[in-house]
Amino acid sequence: MTHIDAGAELDPVHPVALPATRPAGLTAAEVVERLARGQVNDVPVRSSRSLGEIVRANVFTRFNAIIGVLWLVMLFVAPIQDSLFGFVILANTGIGIVQEWRAKQTLDSLAVIGEARPTVRRDGNAVEVATNEIVLDDLIETGPGDKIVVDGVCREADGLEIDESLLTGEADPVVKRPGDRVMSGSFVVAGGGAFQATKVGREAYAAQLAEEASRFTLVHSELRSGISTILKYVTWMMVPAAIGLVVTQLVVKNNGLKDAVARTVGGIVPMVPEGLVLLTSVAFAIGVIRLGRKQCLVQELPAIEGLARVDTVCLDKTGTLTEGGMDVTELRTLDGYDETYVRRVLGALGESDPRPNASLQAIIDAYPDSEEWRCIESLPFSSARKYSGAAFSEGDGEASTWLLGAPDVLLAQGDPALAETERLNEQGLRVLLLARATRDLDDPEPARGARPTALVVLEQRLRPDAADTLRYFADQNVRAKVISGDNAVSVGAVAAKLGLSGTTMDARRLPADPRGMAEALDEGTVFGRVTPQQKRDMVGALQSHGHTVAMTGDGVNDVLALKDADIGVSMGSGSEATRAVAQIVLLNNSFATLPSVVAEGRRVIGNITRVATLFLVKTVYSVLLAVLVVCWQVEYPFLPRHLTLLSTLTIGVPAFFLALAPNKERARPHFVRRVMRYSVPGGVVAGVATFVTYLIARHHYTGPGALDAETSAATLTLFLISMWVLAIIARPYTWWRVTLVASMGVAFLFVLVVPALQSFFALKLVGVAMPWTAVGVAVVAAAALEFLWKWVDRRFAV
């Protein structure tokens, strides 16, 4: 089949006209010339922070500055064992840099795989180039799903419709004709064409969009912002407590300068939850690396966290539950039409669309084109109108106009062909209607009065992993909603085959108001005949009922909903537009990867919540001890080495393992509130119990070496309480968690019984009565801790 020559100018009456001579685009010499002038779209699309940014982010922090200054002071005034906390900070910072650098390399390699490669015309040939290789005046070809990557002017239009809603807010696609301006950041929803680049590089808005969309970032996350809030509160508590401690140790007690400085620093250092930010960064970074191994590109890092909070996932059937390809299984002619003639029509329709969708591609594969037919004009498929069309000059000189699309859209209610369609849909088959139009394609309602000619029956290929994935979401209390533009009955049958039960509804009957729509969405499971705008409205309606919504999709009709959803998930083979707006891209096109992303997010959030409690209990008891020391005007009970030992055994080492452990609990909101509910009572109990032991020891011991004995008794109490906090945090117990807690206890016991370690850490329990008193205080404190945390669980259950 050949297209009719419609002249070089576009006829404004007809939807389509093709130029007599196709522009050849730039020559190789012209491309080289523009490259030399710097007229190239060279803005880098970064998927991660640079190495310099990673180093700066991990090294130059507020708390590193505080710890660094204190460390330098201690190097001059105290033995090296009192400066161990500084070496721990160096190790932590190094671990953070290495892990984030590994995550950067993973993201960068995945971004290259998922990078869009626009088609440009050079020397008369269509070639794919990287986005940053486009030069000024390049002629760029576009089709459905393609993103407009640079600003330009339309030169060719074949029913070209562009959605600019992400830029202008205009919901309806804009028909483009030669000479019209095209805006970077918009995307093609129907038809095809070519445009000439007029703005490239930093002048083009698309470069900014692309850079922002795929930037490795740790911001705009409840977890990160929550930790920032906690650190802000910690700073407020630290300053007055530290000042009071300095005054008490240096002035009031009249201690020797070096000992006073050492004990002052010993009181300030544990107030800083320095490892909390590190562990959060490490947990996120390792999550990126793990998902990268499964060909999952996380374009925005908090998306891992966001998907873990999701309680509703909206699935587009095509490309998500079913594979992209289809097969024609049957052709049923209507009204006595000759099957041979109908096959010829279908072959011509397939040839009339240069960028066929999956349905039309199946028809092309089944029915060869007839060279005798010529396409006069065509109407590309649009997900909004649900049909495509073309007008032909047949081999015998006859002219005819045909439409191919959804039977329930093309036909009036009550048409006999609809009953036939319904029966086929109930079997999970997809049905297209071929109809002969009685109106021109440029008519406002070309489908009115169309005569049904044949039903084309298509069978969709189910994804083999879809059923298991849906079962996973059900087990995790995440509700699945299938939202599709196809017939509701057909979509319902497909969902039923995959084991997804629930009410099936036709979206055309959904209430228009958000409240009514939200209620209908809560009741239903499968929705058919959903328009692109409706998909967006449905996401908003679910969010208005307090749901955290993830949206999956691969076609241009999913872009608006993906953009508005809390988390957008695109298939790697999906359109360029969907990949650009999605936070997560499944490069292997496997819906089965989603559970891994959910599990990774839950692991990160659940575990960081656990370890944050460990760190903040230490901060609370450190501040409280400082306040109590100031009020009682006594020596601070600990040297830095004591708290370094305790922090390492009860927080640092265990937190690293707990932060990376499996965790399937669904993420809950209000991170700061939940952490503080446990940290404050835990820290108060630990601080009070430790100070009580210290005061008892001050009355028990006298003479030279009394302060060291008092410190050892207080250290024993604090260690035992901290171990109990760790034991609670480590629940529910598994063999490795029990081993972890027990090994920390054994390590401390080792310090107490080995003379060299006793001397190094200045820890030696004197006598029998006081050590057992310290143990008794710790046991009472542990019981109080259990009671308080269980009361918090009951009182603030969420």
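Before reading on, note that the structure itself is shown above.
Keep in mind that what you see is a predicted model, and the values were worked out from it rather than measured. The residue numbers shown here count from 1 along each chain, following its written sequence. The model is predicted, so local features are restricted to residues of pLDDT at least 70 and side-chain atom pairs to those at 80 or more, both for listing and for counting; the totals for chains, interfaces and linings are taken over all residues. The side-chain quantities take in all heavy atoms of the structure and omit both hydrogens and water.

Draft legend 1. Structural detail: the sheet that holds strand 21 (residues 567–571). When DSSP finds at least two bridges between two strands, those strands are taken to pair. Here a helix means four or more residues in a row that DSSP labels H or I, a strand means two or more in a row labelled E, and each is numbered from the N terminus. Taken in spatial order, the 8 strands of this open sheet run 9-22-21-20-10-17-19-18, and their pairing is mixed. In this open sheet, the two strands that pair with only one neighbour each are strand 9 (296–298) and strand 18 (503–506). Each strand axis lies, on average, 20 degrees off the axis of its neighbour in the sheet, ignoring direction. Along the sheet, helix 17 (residues 514–523) contacts strand 17 (479–483), strand 18 and strand 19 (524–528); its crossing angle with strand 19, the most-contacted strand, is approximately 110 degrees. To define axes, lines are fitted to C-alpha atoms, for helices over the stretch in contact only, and angles between the resulting N-to-C directions are given on a 0 to 180 degree scale. For this analysis, residues touch if any pair of their heavy atoms sits within 4.5 Å.

Draft legend 2. Region of the structure containing the packing of helix 22 (residues 640–659) against helix 25 (residues 735–753). Two elements in contact, helix 22 and helix 25, have axes whose closest approach is 10 Å; the angle formed by their N-to-C orientations is 160 degrees. In terms of axis orientation, helix 22 runs roughly antiparallel to helix 25. Read as a crossing pair, helix 22 and helix 25 show a hand that is right-handed. Contacts between helix 22 and helix 25 pair Leu-645, Leu-646, Leu-649, Val-653, Pro-654, Phe-657 and Leu-658 from the former with Trp-736, Arg-737, Leu-740, Met-744, Ala-747, Phe-748 and Val-751 from the latter. Ten residues, namely Ala, Val, Leu, Ile, Met, Phe, Trp, Tyr, Cys and Pro, are considered nonpolar, four, namely Asp, Glu, Lys and Arg, are considered charged, and the remaining ones, Gly among them, are considered polar. Of the residues in the contact of helix 22 with helix 25, the class split is 13 nonpolar, no polar and 1 charged. In this scheme, roughly parallel covers angles under 35 degrees and roughly antiparallel covers those over 145, while 65 to 115 is roughly perpendicular and the rest are oblique. A clockwise turn of the near helix away from the far one marks a right-handed crossing, whereas an anticlockwise turn of less than a right angle marks a left-handed crossing.

Draft legend 3. The arrangement of the pairing of strand 20 (residues 549–553) in detail. Accessibility here uses a 1.4 Å probe with only protein chains present; expressed as a share of the type maximum, an area under 20% marks a residue as buried, one over 50% as exposed, and anything in between as partly exposed. Of all 5 residues making up strand 20, 5 are buried, and the element is well covered by its neighbours. Where burial is concerned, the two faces of strand 20 agree: the one with Val-549, Met-551 and Gly-553 and the one with Ala-550 and Thr-552 are both buried. Inspection of the sheet shows strand 10 (residues 312–315) paired to strand 20 by 4 bridges, in the parallel sense. Counted as the bridge partner of Val-313 is Ala-550 from strand 20. Judged from the 4 bridges that link them, strand 20 and strand 21 form a sheet pairing that is parallel. Residue pairing in the sheet places Met-551 in a bridge with Gly-568 of strand 21. Between the parallel elements strand 20 and strand 21, the chain passes through helix 19 (residues 559–564) in a crossover that is right-handed. Place the viewer so that the strands point away; then a crossover is right-handed whenever the path from the first strand over the helix to the second strand goes clockwise.

Draft legend 4. Structural context of unusual backbone geometry. Arg-731 connects to Pro-732 through a cis peptide bond whose omega is -5 degrees. Relative to the helices and strands, Pro-732 resides in the loop between helix 24 (706–729) and helix 25. Residue Asp-137 is not a glycine yet carries a positive backbone phi of 75 degrees. Turning to its location among the elements, Asp-137 is positioned in the loop between strand 3 (125–128) and strand 4 (139–142). Relative accessible area serves as the criterion here: at 24%, Asp-137 is assigned to the partly exposed category. Not every positive phi belongs to a glycine, and Asn-477 is a case in point at roughly 60 degrees. Secondary-structure assignment places Asn-477 in the loop between helix 15 (466–475) and strand 17.

Draft legend 5. Main features of helix 18 (residues 532–544). Between its first and last C-alpha, helix 18 extends 19 Å over 13 residues, near the 18 Å set by a 1.5 Å rise per residue. When helix 18 is considered as a whole, its buried residues turn out to be Pro-532, Gln-534, Lys-535, Arg-536, Met-538, Val-539, Ala-541 and Leu-542. Positioned one or two residues after helix 18, Gly-546 has a phi angle of 85 degrees, which is positive. What a helix should span is 1.5 Å times the count of its residues minus one.

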